[in-house]
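Inside the fold
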Amino acid sequence: MEKNDDKRQQLMREVLAQAADSGCAGGPVRAMGAWRSLAAYLCPLVGEAGFCALYGRAVRLSALGEAWLAAPLGVRSIEVLFATHEQNLAAVDPARAGAVNAALLETFTRLLSGLIGEALTARLLNTAWAEWPDGKST
């Protein structure tokens, strides 16, 4: 189990590093691609409402001390959820936004692994992020 947890964390570090090293201003906002790729693979399994609920729970668990990070209550649309998240990230210092986004992604995937298991979560992340963002396998 520990090996799969390590794999999950390694995949997250790699995809977030790709976003940060992309050379784009707004690396944390660019990291939205990681969220979108994950949603594309997870929503067919749990639905948009399930994804939004899991995201909302992750925000509540990881937003301690970050009043600017908020999940819209009762949102069942991925597009509304991601638009809000992107606005939240763009509104703060990029370094802080990147750190909070990474913590949020960690919490989200940890919650997901608690529901479906570490092995399946690691496989899902590997598939979702295999060629993100620039066609490079992680």
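Below, the structure is looked at part by part. (Residues numbered from 1 in each chain as written. Predicted model: local features only at pLDDT ≥ 70, side-chain atom pairs only at ≥ 80, totals over all residues. Heavy atoms only, no water.)

Before going further, it helps to spend a moment on the nonpolar core. With 35 residues, the main nonpolar core has Trp35, Leu38, Phe51, Phe82, Phe108 and Trp129 as its most contacted residues. Contributing elements (two or more residues each) for this core: helix 1 (2-20), helix 3 (32-62), helix 4 (78-90), helix 5 (94-116) and helix 6 (118-128). Among the elements that take part in this core, helix 3 stands out by supplying 13 residues, more than any other. Residues within four places of Phe108 in sequence aside, it is in contact with Trp35, Leu38, Leu42, Phe51, Leu54, Tyr55 and Ala58. (Core = buried A, V, L, I, M, F, W, Y, C linked by side-chain atoms within 4.5 Å. Buried < 20%, exposed > 50% of the residue type's maximum accessible area, 1.4 Å probe, protein only. Helix = DSSP H or I, 4+ residues; strand = E, 2+ residues; numbered from the N terminus. Contact = heavy atoms within 4.5 Å.)

A few words on the side chain of Ser62. Relative to the helices and strands, Ser62 is located in helix 3. Assessed through its relative accessible area of 17%, Ser62 is described here as buried. Within the structure, Ser62 has its side chain in polar contact with the backbone oxygen of Ala58 (distance 2.7 Å). The residues contacting Ser62, other than those within four sequence positions of it, are Ala103, Leu104 and Thr107. (Polar contact = N/O pair within 3.5 Å; in protein donor to acceptor, adjacent residues only side chain to side chain.)

We now examine helix 5. Residue pairs three or four apart in sequence face the same way in an α-helix, which turns once every 3.6 residues. The end-to-end C-alpha separation of helix 5 is 32 Å, in line with the 33 Å expected for 23 residues at 1.5 Å each. Looking at helix 5, one finds that the buried residues are Ala97, Val100, Asn101, Leu104, Leu105, Glu106, Thr107, Phe108, Thr109, Leu111, Leu112 and Ser113. Once helix 5 ends, the next one or two residues include Gly117, with phi positive near 100°. (Expected span 1.5 Å × (residues − 1).)

Before going further, it helps to spend a moment on the environment of Val75. Looking at the element boundaries, Val75 is found in the loop between helix 3 and helix 4. For the pair formed by Val75 and Glu48, sequence separation is 27 residues and the distance between their alpha carbons is 9.2 Å. The contact partners of Val75, leaving out residues within four places of it in the chain, are Cys52, Val80 and Leu81.

A complete count under the given rule lists two salt bridges for this structure. Ionic pairing is found between Glu79 and Arg36, a salt bridge with its closest N-O pair at 3.3 Å. Within this pair, whereas Glu79 is found in helix 4, its partner Arg36 is found in helix 3, the two being separated by 43 residues in sequence. Taking relative accessible area as the criterion, Glu79 reaches 52% and is therefore assigned exposed. Of the residues examined, Arg36 reaches a relative accessible area of 32% and is grouped as partly exposed. (Salt bridge = Lys/Arg side-chain N within 4 Å of Asp/Glu carboxyl O.)

The next thing to look at is the packing of helix 3 against helix 5. Where helix 3 contacts helix 5, the two axes come as close as 9 Å, and the packing angle between them is 110°. By the criterion of interaxial angle, the relationship of helix 3 to helix 5 is roughly perpendicular. The handedness of the crossing between helix 3 and helix 5 comes out as right-handed. Contacts between helix 3 and helix 5 involve Trp35, Leu38, Leu42, Phe51, Leu54, Tyr55, Arg57, Ala58, Val59, Leu61 and Ser62 from the first element and Asn101, Ala103, Leu104, Leu105, Thr107, Phe108, Leu111, Leu112 and Leu115 from the second. Its residues assigned to classes, the contact of helix 3 with helix 5 shows 16 nonpolar, three polar and one charged. (Axes fitted to C-alpha atoms, helices over the stretch in contact; angles between N-to-C directions. Parallel < 35°, antiparallel > 145°, perpendicular 65-115°, else oblique. Left-handed = near helix turned anticlockwise from the far one by under 90°. Nonpolar A, V, L, I, M, F, W, Y, C, P; charged D, E, K, R; others polar.)

Right, let's get into helix 4. Over its 13 residues, helix 4 runs 18 Å from end to end, which matches the ideal 18 Å to within 8%, given 1.5 Å per residue. Within the sequence span of helix 4, burial applies to Ile78, Leu81, Phe82, His85, Asn88 and Leu89. The buried residues of helix 4 all sit within an arc of 120° when viewed along its axis, so they share a single face. Of the exposed residues in helix 4, the ones pointing more than 90 degrees away from its buried face are Glu79, Gln87 and Ala90. For helix 4, the N-terminal cap is Ser77; the gap from its side-chain oxygen to the backbone nitrogen of Glu79 is 3.4 Å. (Arc of directions from axis to C-beta.)

Just distances and angles here, no functional claims.
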